[in-house]
Amino acid sequence: MKKVNIETEYIKLDQLLKFSGVLSTGGQGKILIKQGYVKLNGEIITERGKKIKKGDEIEIKDMGKILVI
């Protein structure tokens, strides 16, 4: 599991995927989110602007997990 530290109150889901280095472009994140390959705390999320806060866990199908700290 990759841990990503954010300094702000929240970060949008698509921005987090790129910021974490898991994906190289925001466009890749947009596609994965839209296709239902991304889970937030165990629930599939299709809203790319979803606010992600410290303590949230993101799982990308076949790519691993990200913990926001």
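Residues numbered from 1 in each chain as written. Predicted model: local features only at pLDDT ≥ 70, side-chain atom pairs only at ≥ 80, totals over all residues. Heavy atoms only, no water.

1. Focus: the pairing of strand β6 (residues 57-60)
Then, number 1: Side-chain alternation along β6 places I58 and I60 on a buried face and E57 and E59 on a face that remains uncovered.
Then, number 2: As paired strands, strand β3 (residues 38-40) and β6 are joined by 3 bridges and run antiparallel to one another. Across the sheet, L40 pairs through a bridge with I58, a residue of β6.
Then, number 3: When β6 meets strand β7 (residues 64-68), the two strands line up antiparallel, connected through 4 bridges. Each bridged residue has a counterpart across the sheet, and for E59 the counterpart in β7 is K65.
Then, number 4: What sits between β6 and β7 in their antiparallel hairpin is a turn of 3 residues, with D62 showing a positive phi close to 65°. (Buried < 20%, exposed > 50% of the residue type's maximum accessible area, 1.4 Å probe, protein only. Helix = DSSP H or I, 4+ residues; strand = E, 2+ residues; numbered from the N terminus. Pairing = 2+ DSSP bridges.)

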